[in-house]
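Notes for the structure review
So the chains spell out like this:
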Amino acid sequence: MDETEFWELVDGTRDGAEGDPEEQADLLVDRLLQLDPDAVLDFARHFEARYNRAYSWDLWGAAWVLLDGASDDAFDFFRCWLIGQGREVYEGGVHDPDSLADLLDDFDEEFDGDGEELGYAADEAYEQLTGTVAPDLGIPPPPAEPEGTPVDFENERALAERFPRLWERFKD
């Protein structure tokens, strides 16, 4: 599976789920079950690489603004959700987290921002296909600390300065 096929699966399931992350995860499992186990592992590698790439202080700060706070777990689930939004939103958000203010049509912190189930879709499909747990993907783990300069999440002024577009759209 190449990168284009990966994003086609993500986009197709998001569209089919009408943006509901849990429904998207269910559809993704269904689509992955139509593939062979090696292709499912390829999908998992693509997902994990993007998940790890999104481990940055700036993206965590953006998640903090969007979700009105984001614990370690909430940020993990946010990164899964971000991948589920498709290539344009993902790449834009990773490159410039403040651009999420322009890339996201709507954002409801009660509904959006939590894609935990998306993170398990490939594992679930692989286990259903093979009856075994997926092997190690050979992807290096993310660093112990997020990339970039730490953000003081409790300092609203610092957040507003670092993420002016997000702050204006989602906090004012």
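As a starting point, this report considers the structure included with it. (Residues numbered from 1 in each chain as written. Predicted model: local features only at pLDDT ≥ 70, side-chain atom pairs only at ≥ 80, totals over all residues. Heavy atoms only, no water.)

Turning next to the overall build of the protein chain. Scanning the protein chain from N- to C-terminus turns up 10 helices and 0 strands. Overall, the protein chain shows an N-to-C arrangement of helices and strands of α-α-α-α-α-α-α-α-α-α. In terms of overall size, the protein chain behaves like a compact globule, its C-alpha atoms giving a radius of gyration of 16 Å where 172 residues would be expected to give roughly 16 Å. Summarising its shape, the C-alpha atoms of the protein chain cover approximately 50 × 35 × 25 Å along the three principal directions. Counting the 172 residues in the protein chain, one finds 43% classified as buried. For the protein chain, contacts bridging at least 24 residues in sequence account for 74% of all contacts bridging at least 6. Total accessible area computed for the protein chain in this model is approximately 8,900 Å², and 43% of it derives from carbon and sulfur atoms. Here the protein chain carries 12 positive and 47 negative side-chain charges, and the mean point of each set is 7 Å from the other. (Helix = DSSP H or I, 4+ residues; strand = E, 2+ residues; numbered from the N terminus. Rg over C-alpha atoms; globule rule 2.2 N^0.38 Å. Buried < 20%, exposed > 50% of the residue type's maximum accessible area, 1.4 Å probe, protein only. Contact = heavy atoms within 4.5 Å. Areas by Shrake-Rupley, 256 points an atom, 1.4 Å probe, with all protein chains shown as cover. Lys, Arg positive; Asp, Glu negative; His and termini not counted. Charge placed at Lys NZ, Arg CZ, Asp CG, Glu CD.)

This next bit is on helix 5 (residues 72–84). Spanning 13 residues, helix 5 covers 19 Å between terminal C-alpha atoms, matching the ideal 18 Å at 1.5 Å per step. Of the positions making up helix 5, those classed as buried are Phe75, Phe78, Arg79, Cys80, Trp81, Leu82, Ile83 and Gly84. Contacts made by the buried residues of helix 5 are with helix 1 (3–16), helix 2 (21–32), helix 3 (37–53), helix 4 (57–67), helix 6 (87–95) and helix 7 (100–103). At the exit of helix 5 stands Gly86, carrying a positive phi of roughly 100°. (Expected span 1.5 Å × (residues − 1).)

In this structure, Leu32, Phe43, Phe78 and Leu100 are the most contacted members of the largest nonpolar core, which totals 50 residues. For this core, the leading source of residues is helix 4, giving 9 residues. Non-local contacts of Leu100, meaning those with residues more than four positions away in its chain, are made with Leu59, Ala62, Leu66, Phe78, Leu82, Val89, Gly93, Leu166 and Arg169. (Core = buried A, V, L, I, M, F, W, Y, C linked by side-chain atoms within 4.5 Å.)

Once that is clear, we can look at the packing of helix 1 against helix 2. Two quantities define a packed helix pair, namely the angle between the axes and the distance from one axis to the other. Their axes nearest at 8 Å, the elements helix 1 and helix 2 cross at an angle of 130°. Considering their axes alone, helix 1 and helix 2 lie oblique with respect to each other. The two elements helix 1 and helix 2 meet at a crossing, and its hand is right-handed. Contacts between helix 1 and helix 2 involve Leu9, Val10, Gly12, Thr13, Arg14 and Gly16 from the first element and Gln24, Leu27, Leu28, Arg31 and Leu32 from the second. Tallied by class, the residues present in the contact of helix 1 with helix 2 amount to 5 nonpolar, 4 polar and 2 charged. (Axes fitted to C-alpha atoms, helices over the stretch in contact; angles between N-to-C directions. Parallel < 35°, antiparallel > 145°, perpendicular 65-115°, else oblique. Left-handed = near helix turned anticlockwise from the far one by under 90°. Nonpolar A, V, L, I, M, F, W, Y, C, P; charged D, E, K, R; others polar.)

Turning to its location among the elements, Gln24 is positioned in helix 2. Classification of Gln24 by relative accessible area gives buried; the value is 2%. Apart from residues lying up to four places away in sequence, Gln24 is in contact with Val10, Thr13, Arg14, Ala17, Gly84 and Leu118.

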